[in-house]
Amino acid sequence: MKLLKPSWVNHNGKPIFSVDIHPDGTKFATGGQGEDSGKVVIWNMAPVIREEDEKNENIPKLLCQMDNHLACVNCVRWSNNGLYLASGGDDKLVMVWKRAALIGPSTVFGSSSKLANVEQWRCVTILRSHTGDVMDVAWSPHDVWLASCSVDNTIVVWNARKFPEIVMTLKGHTGLVKGLTWDPVGKYIASQADDHSLKVWRTMDWQLETNITKPFNECGGTTHVLRLSWSPDGQYLVSAHAMNNSGPTAQIIERDGWKTNMDFVGHRKAVTVVKFNPKIFKKKQKNGSTPKPSCPYCCCAVGSKDRSLSVWLTSLKRPLVVIHDLFDKSIMDITWTLNGLGLLVCSMDGTVAFLDFSQDELGDPLNEEEKNAIHQNIYGKSLAITMESQLSSTIIENPEMLKYQQERQGNQNPNGAQRSGPENQTPKLTNVLNGESLEDIRKNLLKKQVETRTADGRRRITPLCIAQLDTGDFSAALFNSVPILPGSSASIQLTPQISSDSSTANSLGLRPSLDPSTTSPNKTTEDNKEVGAPPVNSVGMKSNLLLTSASKIEPMKALDSRFTERSKATPGVTSAPPTMGITPLDRIKDSSSVKEPRGKDETSSDSEDKIMVKTLSMAKRKVEMEGGEVVEKRKKGRPRKDAKMMPISQPLPLTAVSVEKEPARLVTPVVALKLPTPSIQKSFSTQVGTDAVTYLEVENEVSMVSGARLSQLKWSREGREWNTLLPSRIIIATGSSDVVAVACEDRTLSVFSACGRRLIPSIMLPAPMSILHCSGHFVMALTASATLSVWDVQKRKALVKNESLNSILSGTDATVSQSFVTLQGVAVVGLSNGKTYCFNSSLETWNLIADKQDSLVQCADFRNCLSAQDALGSMGPLALTQGRNLSAGQLASRLSSTPHQLQQGMTLAFLENQLSSALILLSANEYRHWLLIYARFLVNEGYEQRLRELCQDLLGPVHKSSSSSWEPTVLGLRKRDLLAEVLPVIGQNLRFQRLFTEYQDQLELLRLK
């Protein structure tokens, strides 16, 4: 390693706050304080690297100096393609610079003639939005967005294809935001602030993915900058200025589950800047030796206020090099050359230092193909191809689609903005697919475009599939369209996270953040592995930071290739299927949000049929997971053999008992359930209804007539009243706007109209009345023997006849805590254990429609699918049973470390539950409300199959046929009207334009008919 401090790189003694090397390695930029303004200087790199160039008078050192910033410049960053330079300063501005055509050398204003600008760089755009000093700027992979952060506590994401358009302003920090870094995969952006937090945001919907505070609780807000950095493989995020046992550290955060088990330790003062080397390395082979397969690793430089710099390799547990007292003041910024062997550091003392490493020290850098292969393995896609083909090749073929795309421009999600039209002169990446560049392929495809005219003069362009140049369906929401496999259980949804736990501590061979007494710095890496990740290493999975060959993960490909974000697969674990079963389980143990429902389900009912269903689903899961045997053993609370034996003995009771009415339970003989009955009072009154309040007054035993005790019921509403006499004492009286129902001690039920006319003769009940409800023309009765009946008095027919509550009450110690009948005549029964059921008379089943303990409700996060009117929620029986606890999902997304994949699956399951529950409750408003949220979710997350099925069901057959069972309405809503509402939602995602066009055209044709 060589160390050089080029004294000629300076801002005349003023501080240099930022430095960045141009992607082509020929120049670098510095930003800092000028004489009376902010200063950005572009320097020649050659005199830094080669001594002879430094001595050569004819080789310029300073290429261009720009003094446009009105105050100190805090950050300079080159775009990835090298065409632009972005700078942010205390004047609240972000300036974007581009090289102008050379007119000849011009001198810097006010300087001696020696300082001539060799290159001309002019400010092409000034971005104004921040209300405080801009502290950091960062270009996203492929220069789609530029992000800037400020002391105004916000991060602004700009559309780099159409400056000065703002894609999103991220608000959430409560302190000065001092650092930004993009995930190299383009899925997240991370920010660090003085509010003792590091936040990770999703680029798909610009919502908060996770908020990490624990490692920063002890930190004081004493650093000028907090420049954090993401590793080139995307697996690790390293923060600036964290604390562990009162000592300053750089915290390592794992992408998988955002775990904070490790850190870089050793600096004496706060860490100000962390910068990963852009290259991924592998160990250098000694000459003549046979190449050993070695795991790739990353390299990271850490700078601190203690004026020292450390360089770490993730394959070593101690730093590769530490240079103390490199400067007189704090280190402010670090930048690597693109070849990964040179390092420039700048300091507040106004000087820079250059470190030159050899390949013997760092290792052999992987070439782009190998790096792409690693990305292919981890995330299922090579980034170079997908992004470029995604962004600039999607042609809008449908005028309606264009309309929705334009409407959406102003909306939150930026994907439309990125791709709208030809003005996005995207800097061309030299991507090659089968020997042809993407650009060539695209041009050839466009030449073949065929246009026809229909009879009515409309233009029609024959569709061509252009967007997906790579194979596999890939979503517009970058890397986020993860179709969860249908029918899979939570444990299956976890499989893509497969070996994530295994590579916690052992991959970065560094000390985990534990009590110092347990881990001394001298312990071997093996010890650290033991301490850091016991649950998985005990299974025998060992892994390093990155993937090696793809061949080793063949067994997983079938399941995983559908997932875009691919977790690290484990090299060296050949028996993938069995371990697949095990790892998710460990994850389930960790995250309580997933564990909860399983436990509850098991205890909720010993009823025979439930156990049978469970065993069946187990068998199914076993097939799906190949070797899930191990999982079941650990998962089930009760012994395995019981569950296996029970279904065998199940036919025994079937002869005597009809399954439907009374689930056969083996454990105990059938016990008659009892519900409490109200006590008989001398007199009582109730009020019913909300709009026009009705009062019912009951007086028992008002008079004796020939030995019979008469009771009186008095009804009054808005000055009108009537009364009637009954021959037995009244236990319960209730009513609706249309009817009044009265239950008496002699087990009779009488029903009167709103004017007091008796509508039907007294109904004899099988047992004393426990609960009575009316709604519209419907009367619902729950008797003491736990049977339910519902009658439609107007049509004089029973909707539900003496249906036992056994199937929902048996095996629990729950009692009925809430019950009502909806305006559509659906009986709803809520239990004290938080579960709510309704009885469906056409299916003749009890259906679970709400569960307060359901982790799906707590973890579902569909905030970005709510429109302004949806946010208010919808009123109806479903909302009534579930309460307004639907904001719990937001809580879960912040608190639990639920991976996006799992949360996505949970949200999908939750929304489908809501939709089917609204349908079974016959609640039209709520059905429409949840249908639109569900459609938005499917569009955002890229679930094409489900979306197509939904549209097909709403459209129905285009031609009438007697064999079709399609109903044109659902709950009184016309399905095609619903489709007309769903289509604009689909039109907001370019990926679905074929689907949109197909259904839009068919709907038009049907309307014309």
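You'll find the structure just up there.
Numbers given for residues are sequential positions, taken from 1 along each chain in its written order. Local features in a predicted model are, by the rule used here, given only for residues with pLDDT of at least 70; side-chain atom pairs are given and counted only at 80 or more, and totals for whole chains, interfaces and linings are based on all residues. With hydrogens and water stripped out, all remaining heavy atoms of the structure feed into the side-chain values.

**A closer look at the nonpolar core**
For step 1, the next point in the chain: By convention a nonpolar core is built from buried Ala, Val, Leu, Ile, Met, Phe, Trp, Tyr and Cys residues, the set being connected through side-chain atoms within 4.5 Å. Only protein chains enter the accessibility calculation, which uses a 1.4 Å probe. A residue is then buried if its area is under 20% of the maximum for its type, exposed if over 50%, and partly exposed in between. In terms of nonpolar packing, the biggest core is built from 53 residues, with Phe862, Phe910, Leu911, Trp930, Leu931 and Ile986 touching the most fellow members.
For step 2, the next point in the chain: Elements with a minimum of two residues in this core: α6 (399-409), α20 (855-859), α23 (900-920), α24 (924-941), α25 (944-955), α26 (975-986) and α27 (993-1008).
For step 3, the next point in the chain: Of all the elements, α24 adds the most residues to this core, at 10 residues.
For step 4, the next point in the chain: Counting residues in hydrophobic clusters, the runner-up holds 38 residues, among them Phe17, Val19, Val41 and Val177. A run of DSSP states H or I qualifies as a helix once it reaches four residues; a run of E qualifies as a strand once it reaches two. Both are numbered from the N-terminal end.

**Comments concerning unusual backbone geometry**
For step 1, the next point in the chain: Note that the residue after phenylalanine 163, namely proline 164, is joined by a cis bond; omega there is 0°.
For step 2, the next point in the chain: On the secondary structure map, proline 164 appears in the loop between β14 (154-159) and β15 (166-171).
For step 3, the next point in the chain: Positive phi outside glycine occurs at glutamate 718, with the angle close to 45°.
For step 4, the next point in the chain: Relative to the helices and strands, glutamate 718 is located in the loop between β40 (708-717) and β41 (720-726).

**Description of the packing of aromatic side chains**
For step 1, the next point in the chain: Under the pairing criterion, centres of Phe, Tyr and Trp rings, with the six-membered ring standing for Trp, must be within 6.5 Å; the plane angle then separates stacked pairs below 30 degrees from edge-to-face pairs above 60, leaving the rest tilted. For the structure shown, the criterion picks out 18 aromatic pairs.
For step 2, the next point in the chain: On the basis of an interplanar angle of 5° and a centroid distance of 6.3 Å, the ring pair of tyrosine 188 and tryptophan 230 is categorised as stacked. Taken together, the positions of tyrosine 188 in strand β17 (residues 188-193) and tryptophan 230 in strand β20 (residues 229-230) put the pair 42 residues apart, joining distant regions of the chain. Across this residue pair, the class does not change: tyrosine 188 and tryptophan 230 are buried.
For step 3, the next point in the chain: Aromatic pair tryptophan 722 and phenylalanine 752: ring centres 6.2 Å apart, planes at 50°, arrangement tilted. Here tryptophan 722 is found in strand β41, whereas its partner phenylalanine 752 is found in strand β44 (residues 748-753), with 30 residues between them in sequence.
For step 4, the next point in the chain: Accessibility expressed as a relative area gives 12% for tryptophan 722, which makes it buried.
For step 5, the next point in the chain: Within the aromatic cluster, the residues linked to one another by ring pairs are Tyr84, Trp139 and Phe163.
For step 6, the next point in the chain: Two conditions define a charge sitting above a ring: the NZ of Lys or the CZ of Arg must be within 6 Å of the ring centre, and it must be within 35 degrees of the ring normal. Above the face of the tryptophan 8 ring, lysine 61 is positioned so that its terminal group lies 5.7 Å from the ring centre.

**Considerations on the pattern of salt bridges**
Pairing between side chains of opposite charge can happen when their charged atoms approach one another.
For step 1, the next point in the chain: By definition, a salt bridge exists where a carboxyl oxygen of Asp or Glu is found within 4 Å of a side-chain nitrogen of Lys or Arg. Applying the stated criterion across every chain, the model contains 28 salt bridges.
For step 2, the next point in the chain: Among the charged side chains, a salt-bridge network with shared partners connects Arg77, Asp136, Arg227 and Asp333.

**Brief notes about the sheet that holds β40**
For step 1, the next point in the chain: Spatially, four strands are ordered β38-β39-β40-β41 in an open sheet, and the strand pairing comes out antiparallel. Unpaired on one side and paired on the other, β38 (683-688) and β41 mark the two borders of the sheet. Across the sheet, the axes of successive neighbouring strands diverge by a mean angle of 20°, strand direction being ignored.
For step 2, the next point in the chain: The pairing of β40 with β41 spans seven bridges and is classified as antiparallel. Looking at β41, one finds that glutamine 712 is bridged to leucine 725. Here the rule is simple: two strands pair whenever DSSP picks up at least two bridges between them. Interaxial angle, 0 to 180 degrees, is taken between N-to-C directions of lines fitted to C-alpha atoms, where a helix line uses only the stretch in contact.

**Some points on the side chain of threonine 822**
For step 1, the next point in the chain: Relative to the elements of secondary structure, threonine 822 occurs in the loop between β50 (816-821) and β51 (827-831).
For step 2, the next point in the chain: Relative accessible area serves as the criterion here: at 4%, threonine 822 is assigned to the buried category.
For step 3, the next point in the chain: A contact between two residues is defined here by any heavy atoms of the two lying within 4.5 Å. Beyond its immediate chain neighbours, meaning those up to four positions away, threonine 822 contacts Ser775, Phe778, Val828, Pro877 and Leu921.

**Some details on the packing of α25 against α26**
For step 1, the next point in the chain: Look at α25 against α26: their axes get within 8 Å of each other, and the N-to-C directions meet at 150°. Here α25 is positioned roughly antiparallel relative to α26, judged by the angle of their axes. The way α25 lies across α26 gives a crossing that is left-handed. Taking contact as the criterion, the partners of Leu947, Cys951, Asp953, Leu954 and Leu955 in α25 are, on α26, Lys975, Arg976, Leu978, Leu979, Val982 and Ile986.
For step 2, the next point in the chain: Split by residue class, the contact of α25 with α26 holds eight nonpolar, no polar and three charged. To sort the angles, those under 35 degrees are grouped as roughly parallel, those over 145 as roughly antiparallel, those from 65 to 115 as roughly perpendicular, and the leftovers as oblique. Two helices cross in a left-handed way if the nearer one is turned anticlockwise from the farther one by less than a right angle. They cross in a right-handed way if the turn is clockwise. Each residue gets one label: Ala, Val, Leu, Ile, Met, Phe, Trp, Tyr, Cys and Pro are nonpolar, Asp, Glu, Lys and Arg are charged, and the others, such as Gly, are polar.

**A short note on the sheet that holds strand β4 (residues 38-44)**
For step 1, the next point in the chain: The strand order β2-β3-β4-β5 describes an open sheet built from four strands, whose pairing is antiparallel. Where the open sheet ends on each side, the last strands, each with one partner, are β2 (16-21) and β5 (62-66). When strand polarity is set aside, the average angle formed by the axes of neighbouring strands in this sheet is 15°.
For step 2, the next point in the chain: Judged from the four bridges that link them, β4 and β5 form a sheet pairing that is antiparallel. Across the sheet, the residue bridging to tryptophan 43 is leucine 62, located in β5.

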